[in-house]
Amino acid sequence: MTVDSQGTATAAPVDAPGRAAGKSKTPPPPSGPKEVLQPPRGRRSLPGGLLPYLLVAPALLSMAVLLLYPLIRNVVLSFQQVNKREMITRETVWIGFENYTKLLGDADFWGVVVRSVGFTAANVALIMLLGTLIGLLLNRLGKKMRLVLSLALMFAWAMPIVASVTVFRWLFDEQFGVVNWLMRTLGFAGYEQHNWFETGFSTLVIVMILLVWGSIPFVALNMYAGLTTVGTELYEAARMDGASGWRTFWSVVFPNLKPFFMITTFLEVIWIFKAFAQVYAMNLGGPDRGSETLPVYAYIEGLGQQHYGLAAAISILTILMLIAAMSFYFRLILKQEDES
Amino acid sequence: MSTLTRTPRPAQTLRTKKPLRVGAVAKNVTAIVLALVFVFPVYWMFSSSLKPQSEILTKDPVFLFSPTTENYTTATGVDLFWTYVTNSLLVTVGAVLLALVVALAASFAIARMRFKGRKGLVLTVMMAQMAPWEVMVIAMYMIARDGDMLNSIPLLTLIYFVMVLPFTIWTLRGFIAAVPVELEEAAQIDGCTRGQAFRKVIFPLLAPGLMSTSLFGFITAWNEFAMVLVLNKDKEAQTLTLWLTQFQTAFGSDWGATMAASTLFALPVLIVFVFLQRRAVGGMTAGAVKG
């Protein structure tokens, strides 16, 4: 803070041309004895104009080569027939929209779409609901308990995806898993050797538990951080007016944190919808391709079945759906940016 | 809550005294149960990794045991273990360092200079940050295959570099913007060139920002799974993420060793995270809420 005020104090008396001269890079000493008026203009327009572009160029170039180009390649690929044979002969067969028409008329594809959307919706609803509740709880806890719970959340948050998938497989192991033991201890029948990965649906339920467990900390801790900015006066005022806890939440907390809710919800939608490692590593999309969500479906159609063109079309359709969610997200972010 | 209070209350004791009894106990119990639920998988991984074989494969779990390191010996004794470690380190460290250098330049321009297309650039970075890499693996595979770059560590490093770049630019932009312009100007008035002012004034103030940004980049690259799965089929070019998922299939029911492998993989990230703890929430909100 002291630095800040010092800075403003020294900066205040400086006039514009002096600043511009100081900024220019080429001449070593900024003091030109004679030509006080001329140089700033000339120097400013040349290096000053190019410099930002030079600084930005490496970043833009690398994103163009490794992000934009693969995206374009993905679009191009989706209009080609690239199967096992074409991969070996390396010939290019253009088939127009055939990959797309094939997919859109395919019941399997629509099945995966419905599954992915339902899976995302269930996940996000649970994450937002439980995350918010835990955030509210954090806000009400004493110092020590809050630290304990935050630390526990941190651990879950920090767990690398692949490691947590492995651990969840072990927790839900058919023979020696601790979850089967827990179910037995709680008195449920039929958990002697229950196979939690028996169907695609049950596999996805386990993936969902994993995702919810891993995603709640982000929502809860940020929710708590947001709540601390609401200010205790508001709560107190609401309480004095006799508002119940529920009422306080809807009329004081929620309106204040609405942007946070919206942005977090869309972020979670995007993250869950494109989740690959969790779904794939849990059971390789099985059993019987029953736990494939769109990203996994694209991967297996492509590298598993060697229908690369078709897989590229699946990716493009997935990306289009993601873009729909993202456009909402960006609108919210930009609005936020304008307001602040 | 306040309905529970019986005594006529002076405004201050209203919340602090009475409701503590019932409310606070319920709250604290809930908090403890939740804490246990969230920590349990991590705890179970760690404790399983220290159990002797005979106490892992039991119907009823053993909670008290004499710890052993045999599982770690098994896990690290796997063929090519050190190759995977080296590959993981090469790829992550390379990607993060590259990203820092490139992002520092770009974020300085974004934070401190006015130029045509600046707003468009900011938007591009924001969109790139949301890039669905997991869905682009097929195209990436085709590109790598055509360029004869499958199983290449440098290519993987470059891909991870671009993966962490937008985030790095975005957070560094915030850190640079937080350094008062006046400091830089003061240095320039005292005779520094713009480059010197950056090196001597801004850069030292950025150190903590650089540190936490690079650690977040490290976590992203360390955890990456989809790209390396698709591009590097050759064992010699794989990273620890793939090693861990294959460990499970390769070792079947040797859960002790698998958990030891998980622990080894998770440990660096957990440590880094504890270190970042404070910044994590604030930093992520800054990323999420402010863009």
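Treat the numbers as computed from the prediction; the structure is a model and nothing was measured.

Draft legend 1. Focus on the environment of A:Ser202. Residues and elements named next belong to chain A. By the element assignment, Ser 202 lies in helix H11 (residues 200-230). Residues Ser 202 and Ile 127, spaced 75 residues apart in sequence, show a C-alpha to C-alpha distance of 19 Å. Leave out the neighbours within four places in its chain, and Ser 202 touches Trp 196 and Phe 197.

Draft legend 2. Region of the structure containing the interface of chain A and chain B. Across the contact, 89 residues belong to chain A and 88 residues belong to chain B. With 15 residues, the top contributor of residues to the side of chain A that touches chain B is helix H4 (residues 47-77) of chain A. Of the residues belonging to the side of chain A that touches chain B, the class tally is 64 nonpolar, 15 polar and 10 charged.

Draft legend 3. Fine view of the UniProt feature "domain: ABC transmembrane type-1" (unreviewed entry) in chain A. The UniProt record annotates "domain: ABC transmembrane type-1" (unreviewed entry) at residues 113-329 of chain A. Regarding residues 113-329 of chain A, the helix share stands at 79% and the strand share at 0%, and the terminal C-alpha atoms are separated by 21 Å.

Draft legend 4. Focus on unusual backbone geometry. At the junction of A:Gly286 and A:Pro287, the peptide bond is cis and its omega measures out at 0° in the coordinates. Looking at the element boundaries, A:Pro287 is found in the loop between helix H14 (277-283) and helix H15 (294-304). Even without being glycine, A:Arg90 reaches a positive phi, approximately 60°. Residue position: A:Arg90 is located in the loop between helix H5 (84-89) and helix H6 (98-104). For A:Arg90, a count of 9 C-beta atoms within 10 Å translates into the label exposed. Phi is positive for B:Leu80, close to 70°, though the residue is something other than glycine. Along the chain, B:Leu80 falls in the loop between helix H4 (70-76) and helix H5 (81-112). Its 13 C-beta neighbours within 10 Å are what place B:Leu80 among the partly exposed residues.

So, how was this worked out
Throughout this document, residue positions are counted from 1 along each chain, in the order its sequence is written. The naming scheme follows written order: chains are lettered A onward, ligands numbered 1 onward. Restriction of local features to residues with pLDDT of at least 70 applies here, the model being predicted, together with a cutoff of 80 or more for giving and counting side-chain atom pairs; totals for whole chains, interfaces and linings are based on all residues. Each helix corresponds to a stretch of at least 4 residues labelled H or I by DSSP, and each strand to a stretch of at least 2 residues labelled E; elements are numbered beginning at the N terminus. A residue pair is marked as a contact if its C-beta atoms, positioned from the backbone, fall within 7 Å. Under the scheme applied here, ten amino acids are nonpolar (Ala, Val, Leu, Ile, Met, Phe, Trp, Tyr, Cys and Pro), four are charged (Asp, Glu, Lys and Arg), and all others, including Gly, are polar. UniProt positions are given in the numbering used here, feature names are shortened, and annotations may be inferred rather than shown by experiment. Here a residue counts as buried when 20 or more other C-beta atoms fall within 10 Å of its C-beta, as exposed when 12 or fewer do, and as partly exposed in between; the C-beta atoms come from the backbone.

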